[in-house]
Number of protein chains: 2
Amino acid sequence: MPIEALVFDAYGTLFDVHSVIERCEELWPGKGAAISRLWRAKQLEYTWLRSLMHRYENFETITADALRHACATQQLGCDETHVAELMRAYRQLQTFAEVKSVLAARKDRKRAILSNGSPGMLNPLVEASGLAGEFDAVISVDALGAYKPDPRVYQLAVDALGIEAGRIRFVSSNCWDACGAQSFGFDAWWINRSGAPMDPLGARPAQIVSTLADLPA
Amino acid sequence: MPIEALVFDAYGTLFDVHSVIERCEELWPGKGAAISRLWRAKQLEYTWLRSLMHRYENFETITADALRHACATQQLGCDETHVAELMRAYRQLQTFAEVKSVLAARKDRKRAILSNGSPGMLNPLVEASGLAGEFDAVISVDALGAYKPDPRVYQLAVDALGIEAGRIRFVSSNCWDACGAQSFGFDAWWINRSGAPMDPLGARPAQIVSTLADLPA
């Protein structure tokens, strides 16, 4: 089936969270990597748990909650100045090096973002990157009130673009997100930047590549 | 509202997974703690993701999948002999020291287990513990095909015991499980054995204590 649209995950796929990790290391010397890892793990965990519990909170709240919890687990101080500073860093992430050229070379197809990020996090980030004009839609799960990989999240992109699932290529650096998208019915590509092993989730991504530059033109 | 039944989580609440962690250390010297931690994290992650994706697999399959993934992440060999041995250890866990007396002292109330474990894992474990006679019901999520903290899981206990949610005290050492149970409508007690910080999930457990012996008689 011909692909009519490319839909990208945001964090870790288009936008590199490396700068946030560096700032964690500056705030908590020697503990930056541990805090970042715990923070990310709790952030995702809370999205899944709250979706299952039907207790949605937006991604900004969850991300801040997860940071506070990560610091508490490590018995490190985390005042609201730290939280505000790291949440600001989240709205100013750099894109990966290949993003601009990859998007520019695919202007013949619709291009969109589908992200867990709340509009208050996502829209300033896309604006700051200078890439806002490249996207036909920037879609947040927030309107739905549930997180990936709930199939209803992927349906948001179908509805926003008016293109059936089988004609949408979904691109994510998160294996579980690519699995969820493939399970839903997208042609899902996993950008496996770190060479991680596959998560066995009952639906394998259609393709696995190393960077966005490996996407077919 | 008077409490008419006590419903317990199994793994980590009644049954101590410590022996499995020790066996990991024997199989992968110096890496046992890392493997155990990753294994547990992936095990839970897969239950949440598959529930959200509507791609249920039973807990035995998920637990083995998570072990293989943990070893692959650590680049450690894991053949099917290792998997079978550790899955066997999972069916022979010791109960925590206080379990027997806590159950015996509460014979005036209905007592049940509500677990993610599949019947093939859970029933042999309860049998081996010698406590089978103490429970009015051993309830697995397997019949439903979704995992905690989906509210429909907690409803299984209401249906099996014929007691309304507000009259059921649910007991778990997993904070997120206690939050899910409280969110559903149980009187949920979190057994916080390790002094971990609370996970903010929109519903706080009714009580937080250190061991099962702290439950009111």
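Note that the coordinates shown come from a computational prediction; the quantities given were computed from them, not determined experimentally.

Draft legend 1. Focus on helix α1 (residues 18-27) of chain A. All names here are of chain A. Val-20, Cys-24 and Leu-27 are the residues of α1 that are buried. In a view along the axis of α1, the buried residues occupy a sector of 65°, so they form one face of it. At its buried positions, α1 is contacted by α2 (32-53) and α4 (80-90).

Draft legend 2. Expanded view of the packing of aromatic side chains. Residue and element names in this part refer to chain A. Under the definition given, this model contains 23 aromatic pairs over all chains. With a centroid separation of 5.5 Å and an interplanar angle of 75°, the aromatic rings of Tyr-11 and Tyr-90 are classed as edge-to-face. Within this pair, whereas Tyr-11 is found in the loop between β1 (5-8) and β2 (15-16), its partner Tyr-90 is found in helix α4, the two being separated by 79 residues in sequence. The pair formed by Tyr-11 and Tyr-90 is uniform in burial state, with each residue classed as buried.

Draft legend 3. Examining the environment of Glu-134 of chain A more closely. Tracing the chain through its elements places Glu-134 of chain A in the loop between α6 (119-129) and β5 (137-140). With sequence-adjacent residues up to four places away left out, Glu-134 of chain A is seen in contact with Leu-103, Ala-104, Lys-107 and Arg-111 of chain A.

Draft legend 4. Layout of the relation of the copies chain A and chain B. Overlaying chain A with chain B gives an RMSD of 0.0 Å, the required rotation being 180° about an axis along which the chain moves by 0.0 Å. In short, the pair behaves as if placed about a two-fold rotation axis. Considering only C-alpha atoms, the part of chain A nearest the rotation axis is Trp-48 of chain A, at 3.1 Å. Both copies contact each other with a shared surface, as 100% of the interface residues of chain A are interface residues in chain B too.

Draft legend 5. Spatial organisation of the domain arrangement of chain A. Residues and elements named next belong to chain A. What the domain assignment lists for chain A is domain 1 (5-15 + 93-214) and domain 2 (17-90). Between domain 1 and domain 2, the contact holds 18 residues from the first and 18 residues from the second. The junction of domain 1 with domain 2 conceals about 1,500 Å² of combined surface from both sides, 62% of it contributed by carbon and sulfur atoms. When the area that domain 1 buries against domain 2 is broken down by residue, the three leading residues are Leu-93, Met-121 and Tyr-147, summing to 46%. Our count for the contact surface shared by domain 1 and domain 2 stands at zero salt bridges.

Draft legend 6. Inspection of the interface of chain A and chain B at higher detail. Facing the 30 residues of chain A at the interface are 30 residues of chain B. Considering only the surface of chain A that becomes buried against chain B, Leu-52, Met-53 and Leu-201 of chain A emerge as the three largest contributors, covering 25% of it. On the surface where chain A and chain B come into contact, there are two salt bridges. Asp-199 of chain A is the salt-bridge partner of Lys-42 of chain B, the closest N and O atoms lying 2.9 Å from each other. In this structure, the connection of chain A to chain B is made through 14 residue pairs in polar contact (both at pLDDT 80 or more). Split by residue class, the side of chain A that touches chain B holds 15 nonpolar, seven polar and eight charged.

Draft legend 7. A look at the pattern of salt bridges. Residue and element names in this part refer to chain A. Inspection of every chain in the model, using the stated rule, returns 32 salt bridges over all chains. Ionic pairing is found between Arg-23 and Glu-85, a salt bridge with its closest N-O pair at 2.1 Å. With Arg-23 in helix α1 and Glu-85 in helix α4, the pair connects residues that are 62 residues apart, well separated along the chain. For Arg-152, the salt bridge is made with Asp-150, and the minimal N-O distance between the two is 2.8 Å. Look at Arg-152 and you get partly exposed, because its relative accessible area is 45%. For Asp-150, a relative accessible area of 8% puts it in the buried group. Via salt bridges that share partners, Glu-4, Glu-164 and Arg-167 belong to a single interconnected network.

Draft legend 8. Structural view of the sheet that holds strand β7 (residues 187-191) of chain B. Residues and elements named next belong to chain B. Within the open sheet, the six strands sit side by side as β5-β4-β1-β6-β7-β8. Their pairing is parallel. Both edges of this open sheet fall to β5 (137-140) and β8 (207-209), since each of them pairs with a single strand only. Strand-to-strand, the axes of this sheet are offset by a mean angle of 25°, without reference to chain direction. Across four bridges, the pairing between strand β1 (residues 5-8) and strand β6 (residues 168-172) is parallel. If you follow Ala-5 over to β6, its bridge partner there is Ile-168. Running at roughly 155° to β5, helix α6 (residues 119-129) makes contact with β4 (110-115) and β5 of the sheet. In the packing of helix α7 (residues 151-161) onto the sheet, the strands contacted are β1, β4, β5 and β6, and the crossing angle to β4 comes to about 150°.

Quick notes on the rules
Residues numbered from 1 in each chain as written. Chains lettered and ligands numbered in written order. Predicted model: local features only at pLDDT ≥ 70, side-chain atom pairs only at ≥ 80, totals over all residues. Heavy atoms only, no water. Buried < 20%, exposed > 50% of the residue type's maximum accessible area, 1.4 Å probe, protein only. Helix = DSSP H or I, 4+ residues; strand = E, 2+ residues; numbered from the N terminus. Arc of directions from axis to C-beta. Contact = heavy atoms within 4.5 Å. Phe/Tyr/Trp six-rings, centres within 6.5 Å; stacked < 30°, edge-to-face > 60°. Least-squares fit on C-alpha atoms with pLDDT ≥ 70 in both. Domains from an automatic or database assignment. Buried area = accessible area lost by both parts, 1.4 Å probe. Salt bridge = Lys/Arg side-chain N within 4 Å of Asp/Glu carboxyl O. Polar contact = N/O pair within 3.5 Å; in protein donor to acceptor, adjacent residues only side chain to side chain. Nonpolar A, V, L, I, M, F, W, Y, C, P; charged D, E, K, R; others polar. Pairing = 2+ DSSP bridges. Axes fitted to C-alpha atoms, helices over the stretch in contact; angles between N-to-C directions.

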